[in-house]
Amino acid sequence: MSTARLTINLDALVTNWQNLNAMTNCETAAVVKANGYGLDAGRVAKALAKGGARNFFVAAAEEGVALRRALGPGPGISVFSGHMEGDTRLLKEFQLAPMLNSLDQMLRHFETLPGHTFGVQLDSGMNRLGMEPAEWAAVREIALGQRPVLLMSHLACSDEPGHAMNAQQLKTFHAMTDGLDVPRSLSATGGILLGRDYHFDLCRPGVGLYGGAPYSDALPVVQLDLPVIQTRDVDTGESVGYGNAWVAQQPSRIATVAAGYADGLLRALMNGGIDLFAGETRCPVVGRVSMDLITVDVTGLTEAPASLSLLNETQRVDHLAEAAGTIGYEILTSLGHRYARTYHG
């Protein structure tokens, strides 16, 4: 089977970072967790480092190890999951800064890595990771005595600018951190777009770097072209694909392309009216998305195409996400390993 081609535009990614950075009045880091949102954390971070980024965030210590090997010494690498059991050697050897989430993590870190760089994650209302206000109040002086490099929290509803939770979390974060001589961070991509009241000393854009919402001005970073394996004519009343899910209402020309849900193209896309593109011409997906194959109505084309585009400047990750009833994060991080990947920039 021919291989679909995934093209990643690193120049566009760096431009997105630089444009978000220009909106802030503080340092701008970059989140490259989940292997750079599925696009290869090493390549992504190297490009961002050349573009000006000096600090990076990952989800787990193991991701930090891979990133340090790609970047070498120098850039800061912070770990959202903090100091987990078994992380001590990795944090030390690869110069990773855990964002401590609990009293247990704090004790583990201070006992096993005294003097090692760390930050503290605070729960300002999301109830996911971080110390709640009462817990932080109880251990704050101990933590400050060890000189954390960052106090951070995370917004639950920053992709909805008018949501009351944003102002509530901002107020809580101020109450937990005002007057402390430690750099602070509250905002990822959505928080940057909320304005400078949310920026503090460091922002941590993630999905906006990769062309995703809520950053509507982002340049597209990924393009996905799917090779056509076969085309066939079907008569009125004939069905295509599993379950007879699509039946031709007129004589039609159907192209079968090489990609499917094993490549991260969710079955739910069949419900959303997604098109593939031959140049600027839209060709609708018909029938069910299967493991390795998608069928497309190319009746409107004058000749059979060699390939069709699924992700491009017109149809981006969030268009696919909306069709599948999900979010752009899931589309990006689900992009499969069979694609022939090309990096520009």
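As a reminder, the structure under discussion sits directly above these lines.
Calculation criteria
Residues numbered from 1 in each chain as written. Predicted model: local features only at pLDDT ≥ 70, side-chain atom pairs only at ≥ 80, totals over all residues. Heavy atoms only, no water. Helix = DSSP H or I, 4+ residues; strand = E, 2+ residues; numbered from the N terminus. Buried < 20%, exposed > 50% of the residue type's maximum accessible area, 1.4 Å probe, protein only. Axes fitted to C-alpha atoms, helices over the stretch in contact; angles between N-to-C directions. Parallel < 35°, antiparallel > 145°, perpendicular 65-115°, else oblique. Left-handed = near helix turned anticlockwise from the far one by under 90°. Contact = heavy atoms within 4.5 Å. Nonpolar A, V, L, I, M, F, W, Y, C, P; charged D, E, K, R; others polar.

Draft legend 1. Seen up close, unusual backbone geometry. Ala213 connects to Pro214 through a cis peptide bond whose omega is 15°. By the element assignment, Pro214 lies in the loop between β10 (202-203) and β11 (222-234). Even without a glycine there, the phi angle at Asn35 is positive, about 55°. Inspection of the secondary structure puts Asn35 in helix α2 (residues 33-37). A residue is classified by how much of its surface remains accessible, and Asn35, at 41% relative accessible area, is partly exposed. Positive phi values are uncommon outside glycine, yet Phe200 reaches one of about 55°.

Draft legend 2. How the structure looks around the packing of helix α1 (residues 10-23) against helix α3 (residues 41-51). Running from N to C, α1 and α3 cross one another at 55°; their axes reach a closest spacing of 9 Å. Taken together, the axes of α1 and α3 lie oblique to each other. Handedness of the crossing formed by α1 with α3: right-handed. Counted together, Leu10, Leu13, Val14, Trp17 and Gln18 of α1 and Arg43, Val44, Ala47, Leu48 and Gly51 of α3 form the full contact between these two elements. Residue composition of the contact of α1 with α3, grouped by class: seven nonpolar, two polar and one charged.

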